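Coordinate inspection notes
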Amino acid sequence: MNWKNLFSQPALARLWRPQPHWQVIGQPNERQTFASACHCLQLKGQAISADPLSSLIRTQGAAAAYYVKRYQRRGKGLRRWLGRSRAEGEWQNLRYFDQLGIPTPPLVAYGWQRPGWLGGRLPFGRGQAVLVTAEVVGARDLASLAQQQPQLFRQRAWLEGVLQQVADYSRQLHHQGFVHWDLKWRNILLVDGDSATGLGPATGPRVLFFDCPLGHHPFGWLRQRGADKDLACLDKLGRRHLSRSRRLRFYLHYRKIERLDAAGKQQIGRVLAFFHDEKES
């Protein structure tokens with residue numbers, strides 16, 4: 001290590017340079033609406049959900065609606081004090097998915113109330129975190145759709161289009177060594193092609209991934225374990241709404257193989273046994 005360079009003035013300046021605590025990456029008109037985290041915390045809107053960690057509201061802007069997620073805590077257990085917070089995980093993973101070309105709800109703004117200690121380099125004194133995403137018109141999560149419009153899952157072309165996208169995006173993440181850790185149907189959005197503004201060609205239903213605060217790149221055996229869990233999460237409702245042959249075709253598409261091999265049989269066994277002792281939900 002070159003200690004001289006490490007302690008040079010430019011290096012020290014980079015080390016102690018204050019980290020931006022609020023980022024607005026949306027359109028110019030959105031920069032005023034979501035100018036700061038403090039302003040977002042004062043916004044009024046329709047309450048969507050709330051738990052001890054965070055709350056979500058839907059608020060109407062001048063030309064579009066937005067979802068504002070406000071975090072009261074960094075996370076559960078040790079995550080309240082150490083490591084990456086749930087808020088950071090969520091907005092970092094949304095940006096990561098976008099880099100990979102995986103569609104997500106458009107990220108508009110994110111960050112903290114205050115810079116925090118040592119210019120934001122220590123996770124203390126930053127106040128509440130806020131995440132703002134633009135509403136995707138007509139989007140519904142896959143779990144709700146399966147419950148409220150089960151007839152869609154009997155349309156072969158529609159279903160194939162949806163499952164192939166889910167398989168492609170899951171394979172892409174796992175190929176990068178990334179594990180979602182909560183890849184359930186409720187965390188997958190679906191929007192009709194006619195409503196998928198800004199999501200590419202409007203041909204058939206479009207799949208979007210979202211709500212991934214725990215996803216990361218694990219090491220060693222956890223990488224395979226995590227991939228198995230992601231597939232098991234997908235299969236929790238898959239076994240209720242899809243035939244066995246359809247689930248097998250999904251797996252073959254995920255693996256990009258035409259016939260099931262020995263490795264595939266072993267993985268399917270692990271996936272089916274993953275939640276064997278848990279009540280399905």
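You'll find the structure just up there.
Here we summarise the structure given alongside this text.

As for the packing of aromatic side chains
- Using the criterion set out here, one finds eleven aromatic pairs in the structure.
- Both rings, one in phenylalanine 97 and one in phenylalanine 178, keep their centres 5.7 Å apart while their planes meet at 80°; by these two values the pair is edge-to-face. Of this pair, phenylalanine 97 sits in helix H5 (residues 86-100) while phenylalanine 178 is found in the loop between helix H7 (156-175) and strand E8 (188-191), placing the two residues 81 residues apart along the sequence.
- Using a relative accessible area of 1% as the deciding quantity, one classes phenylalanine 97 as buried.
- For phenylalanine 178, a relative accessible area of 1% corresponds to the buried category.
- Here the aromatic rings of tyrosine 251 and tyrosine 254 are separated by 6.0 Å at their centres, their planes lie at 35°, and the arrangement is tilted. Of this pair, tyrosine 251 and tyrosine 254 both sit in helix H9 (residues 244-255), three residues apart, which is roughly one turn of the helix.
- Looking at tyrosine 251, the relative accessible area reads 6%, which means it is buried.
- Relative accessible area serves as the criterion here: at 7%, tyrosine 254 is assigned to the buried category.
- The structure contains a cluster of three or more aromatic residues connected by ring pairs, namely Tyr96, Phe97, Tyr169, Phe178 and Phe209.
- Lying over the aromatic face of phenylalanine 275, lysine 236 brings its terminal NZ or CZ to 4.3 Å of the ring centre.

Things to note about the nonpolar core
- The biggest cluster of nonpolar side chains holds 39 residues, and the ones touching the most others in it are Phe153, Trp185 and Phe209.
- Contributions of two or more residues to this core are made by H5, helix H6 (142-148), H7, E8, strand E9 (206-209), helix H8 (221-241), H9 and helix H10 (262-274).
- Looking at which element gives the most residues to this core, the answer is H7, with eight residues.
- Counting 15 residues, the second largest nonpolar core, distinct from the first, contains Ile57, Val68, Ala109 and Val132.

Quick look at the sheet that holds strand E7 (residues 140-141)
- With respect to topology, three strands assemble into an open sheet ordered E7-E8-E9, the strand pairing being antiparallel. The open sheet terminates on both sides in strands that have one partner only, identified here as E7 and E9.
- As paired elements, E7 and E8 share two bridges and run antiparallel to each other. Bridged to aspartate 141 within E8 is leucine 189.

Some details on the pattern of salt bridges
- Counted under the stated rule, the structure contains eleven salt bridges.
- Among the salt bridges present, the one from arginine 171 reaches aspartate 168, with a minimum N-O distance of 2.9 Å. A residue pair is termed a helical-turn pair when its members lie 3 or 4 positions apart in one helix, as arginine 171 and aspartate 168 do in helix H7 at three residues.
- In this structure aspartate 168 comes out as partly exposed when scored by relative accessible area, which is 28%.
- Within this structure, Lys69, Glu90 and Asp211 form a network of salt bridges that share partners.

Observations concerning the pairing of strand E4 (residues 65-71)
- Counting buried positions over the seven residues of E4 gives six, a clear majority of the element.
- For strand E3 (residues 54-60) and E4, the ladder comprises seven bridges, and the chain directions are antiparallel. The partner of serine 54 across the bridge, within E4, is tyrosine 71.
- Note that E4 and strand E6 (residues 129-134) share six bridges and pair antiparallel. When the sheet's bridge partners are listed, lysine 69 is paired in E6 with leucine 131.

Digging into the sheet that holds E3
- Strands sit in the order E1-E5-E6-E4-E3-E2 across an open sheet of six strands; the sheet is antiparallel. One side of each edge strand has no neighbouring strand; the edge strands of this open sheet are strand E1 (22-24) and strand E2 (46-50). Looking at each pair of strands side by side, their axes are set apart by 15° on average, direction ignored.
- Note: E1 against strand E5 (residues 107-112), three bridges, orientation antiparallel. Residue valine 24 lies in a different strand from E5, and its bridge partner there is alanine 109.
- Of the strands in this sheet, E4, E5 and E6 are in contact with H5, which crosses E5 at around 150°.

Some remarks on H10
- Here H10 contains 13 residues, and its C-alpha end-to-end distance of 19 Å stays within 8% of the 18 Å for a straight helix at 1.5 Å per residue.
- Buried within H10 are the following residues: Gly264, Gln267, Val271 and Phe274. Take H10 and look down its axis: the buried residues cluster within an arc of 85°, on one side only. Relative to its buried face, H10 has exposed residues pointing more than 90 degrees away, namely Ala262, Lys265 and Gln266.
- Considering only its buried residues, H10 is in contact with H8 and H9.

About the cut-offs
- Residues numbered from 1 in each chain as written.
- Predicted model: local features only at pLDDT ≥ 70, side-chain atom pairs only at ≥ 80, totals over all residues.
- Heavy atoms only, no water.
- Phe/Tyr/Trp six-rings, centres within 6.5 Å; stacked < 30°, edge-to-face > 60°.
- Helix = DSSP H or I, 4+ residues; strand = E, 2+ residues; numbered from the N terminus.
- Buried < 20%, exposed > 50% of the residue type's maximum accessible area, 1.4 Å probe, protein only.
- Lys NZ or Arg CZ within 6 Å of the ring centre and 35° of its normal.
- Core = buried A, V, L, I, M, F, W, Y, C linked by side-chain atoms within 4.5 Å.
- Pairing = 2+ DSSP bridges.
- Salt bridge = Lys/Arg side-chain N within 4 Å of Asp/Glu carboxyl O.
- Axes fitted to C-alpha atoms, helices over the stretch in contact; angles between N-to-C directions.
- Contact = heavy atoms within 4.5 Å.
- Expected span 1.5 Å × (residues − 1).
- Arc of directions from axis to C-beta.

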